[in-house]
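Here are the chains, one letter per residue:
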Amino acid sequence: MVVSAPTDYDWAKEVKEFEDTRAGVKGLVDSGATKIPKFFVHPPEKLHDQPVAVRAMPEMPEIDFTGVERGGMRRREVVEQIGRAAREWGFFRMVNHGVPVSTLDAMLAATKRFHEQPTEAKKELYSGDATQKVRFTSSGPTRCTDVACWRDILTCFHTDDTLDPELIPQVCRNEVQEYVKYMIKLRETMSELLSEALGLRSDYLSSIECLKSEALAMLYYPSCPEPNLTMGNAKHSDTTFLTVLLQDYTIGGLQILHQNQWVDVPPIHGTLIANIGDLMQMITNDKFKSVEHRVVAQPIGPRLSVACFFLPNSKRMAKPFGAIKELLSENESPIYREFLCHEYFDFYKNNYGLVTPALPHFKL
Ligand code: OGA
Ligand code: NI
């Protein structure tokens, strides 16, 4: 259903006033707002879209990475588990993943520290320009048919695994650098395991360079005075190849769509969540699934999370991706046309507010 443009108030003015504060959603909460601005109000069919029931069971798969090193005792078992999870759920929880709990805790604390600085310290970084390597934003809508989500984001884009440390705010610099170092290490492991789970040689995904940059999103979901009217993060699938998510241990609110049911993904201290992105679904010819998920808005907060989105390196970004040839056969032809990553992102951006993913539009 198409959301009609609100006519009873000056939408553009309200958005502009919000954006001009450069203080994000947290700024609204700090100013004592008891009502949320209208551009945060999601249409009822998106808030309460079918299916409505959230059931606790079945639970998302949990995979223990112990013994997964090359030649390790459990490598084959874990490859099998990852393959099944990527095909059936598109999501899985990782334990004993090699990132120290102290590093995870420090990363969440740094995320909180950045967002809880006075506005003065953050507003320089407030920007809607997605080409900026480091930016603070709340993603205010740019069209009146779009709605905003109840959260602020600091993004640190590591192109080809690197980012000039000087660009990272000092309050979180060391933690971001340490965390990304471990994300790169974990990515190497996951890249091999996912390749093997597809029946390909271990270095296959590494060789096509699809996981060689990181967009690190440090998310802050303030408590919401009217949580039933908005979303922390609206239903979406990730437009990347792979995502590793760290959520705080107290609040929760992440839900994934599994077999047409919203399933809660409760936070568990020390664990990380992995999920397949749209671009991975396309190159694996639908073998791995990019699954829709959302974060509900809550009267308590702040909720913190850190999403590490893996993307190709800059060289590979310039070339088209297509279905992995080795996965095709006489009986299996490509489902999607070849695509440039930017083409996909642009399509998504220009259709922001779509309730369905952009993926079907790339079908042959
Ligand atoms: C995202 C996302 C989930 C979370 O940023 O794409 O799905 O728990 N985040 O913050
Ligand atoms: Ni997501």
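Residues numbered from 1 in each chain as written. Chains lettered and ligands numbered in written order. Predicted model: local features only at pLDDT ≥ 70, side-chain atom pairs only at ≥ 80, totals over all residues. Heavy atoms only, no water.

Section: the site of ligand 1
So, step 1. Taken together, L219, Y221, N233, H236, D238, L245, H293, V295, R303, S305 and F309 make up the full set of residues near ligand 1.
So, step 2. At 3.2 Å, a side-chain N or O of D238 approaches an oxygen atom of ligand 1.
So, step 3. A distance of 2.6 Å separates an oxygen atom of ligand 1 from a polar atom in the side chain of S305.
So, step 4. Within the complex, 93% of the 300 Å² of free accessible area of ligand 1 lies under protein.
So, step 5. Breaking the shell around ligand 1 down by element, the ones donating at least two residues are strand 6 (213-221), strand 7 (231-236), strand 12 (293-296) and strand 13 (303-311).
So, step 6. Element by element, the count of residues in the shell around ligand 1 is highest for strand 13, at 3 residues. (Near = heavy atom within 4 Å. Polar contact = N/O pair within 3.5 Å; in protein donor to acceptor, adjacent residues only side chain to side chain. Areas by Shrake-Rupley, 256 points an atom, 1.4 Å probe, with all protein chains shown as cover. Helix = DSSP H or I, 4+ residues; strand = E, 2+ residues; numbered from the N terminus.)

Side note on the packing of helix 4 (residues 75-88) against helix 7 (residues 173-197)
So, step 1. As a packed pair, helix 4 and helix 7 sit with axes 8 Å apart at the nearest point and diverge in direction by 75 degrees. The orientation of helix 4 with respect to helix 7, classified from their angle, is roughly perpendicular. From helix 4, R75, V78, V79, I82, G83 and R87 reach across to helix 7, where they touch E192, L193, L194, E196 and A197.
So, step 2. When its residues are assigned to classes, the contact of helix 4 with helix 7 shows 6 nonpolar, 1 polar and 4 charged. (Axes fitted to C-alpha atoms, helices over the stretch in contact; angles between N-to-C directions. Parallel < 35°, antiparallel > 145°, perpendicular 65-115°, else oblique. Contact = heavy atoms within 4.5 Å. Nonpolar A, V, L, I, M, F, W, Y, C, P; charged D, E, K, R; others polar.)

Section: the pattern of salt bridges
So, step 1. As enumerated under the stated definition, the model contains 20 salt bridges in all.
So, step 2. Taking the shortest distance from any N to any O, the salt bridge between E178 and K181 comes out at 3.3 Å. Taken together, the positions of E178 and K181, both in helix 7 and 3 residues apart, correspond to about one turn of that helix.
So, step 3. Between E214 and R187 there is a salt bridge whose closest N-O contact spans 3.1 Å. Taken as a pair, E214 in strand 6 and R187 in helix 7 lie far apart in primary sequence, 27 residues in all.
So, step 4. By relative accessible area, which is 0% here, E214 ends up buried. (Salt bridge = Lys/Arg side-chain N within 4 Å of Asp/Glu carboxyl O. Buried < 20%, exposed > 50% of the residue type's maximum accessible area, 1.4 Å probe, protein only.)

What to know about the UniProt feature "domain: Fe2OG dioxygenase" (unreviewed entry) in the protein
So, step 1. The sites that carry the UniProt feature "domain: Fe2OG dioxygenase" (unreviewed entry) are, in the present numbering, residues 212-312.
So, step 2. Between the end C-alpha atoms of residues 212-312 there is a gap of 5 Å, over a span that is 6% helix and 48% strand. (UniProt positions renumbered as here; feature names shortened; annotations may be inferred.)

Some thoughts on the state of the cysteines
So, step 1. This structure, assessed with the given rule, holds 0 disulfides.
So, step 2. This cysteine, C156, is not joined by any disulfide, and C172 carries the nearest cysteine sulfur, 5.7 Å off.
So, step 3. Among the cysteines around C224, which has no disulfide bond, C149 carries the closest sulfur, lying 11 Å off. (Disulfide = S-S within 2.5 Å.)

Considerations on helix 4
So, step 1. Across its 14 residues, helix 4 extends 20 Å between first and last C-alpha, which sits within 8% of the 20 Å expected from 1.5 Å per residue.
So, step 2. Of the surrounding secondary structure, the elements contacted by the buried residues of helix 4 are strand 2 (62-64), strand 3 (91-95), helix 7 and strand 11 (272-276).
So, step 3. Immediately beyond the C-terminal end of helix 4, within one or two residues, lies G90, with a positive phi of roughly 70 degrees. (Expected span 1.5 Å × (residues − 1).)

Considering the environment of I63
So, step 1. Mapping I63 onto the fold places it in strand 2.
So, step 2. In this structure the C-alpha to C-alpha distance between I63 and P334, which are 271 residues apart in sequence, comes to 30 Å.

Section: unusual backbone geometry
So, step 1. Residues G301 and P302 are joined by a peptide bond in cis, for which omega reads 0 degrees.
So, step 2. Relative to the helices and strands, P302 resides in the loop between strand 12 and strand 13.

Remarks on the sheet that holds strand 3
So, step 1. Within the open sheet, the 8 strands sit side by side as 2-3-11-8-13-6-5-4. Their pairing is mixed. The strands lining the two open edges of the sheet, one partner per strand, are strand 2 and strand 4 (134-137). Averaged over all pairs of adjacent strands, the angle between their axes in this sheet comes to 20 degrees, without regard to strand direction.
So, step 2. Examined bridge by bridge, strand 5 (residues 152-158) and strand 6 share 7 bridges and lie antiparallel to one another. Paired with L154 across the strands is M218, a residue of strand 6.
So, step 3. Set on the sheet, helix 7 makes contact with strand 3, strand 5, strand 6, strand 8 (242-247), strand 11 and strand 13; between it and strand 6 the angle comes to about 120 degrees. (Pairing = 2+ DSSP bridges.)

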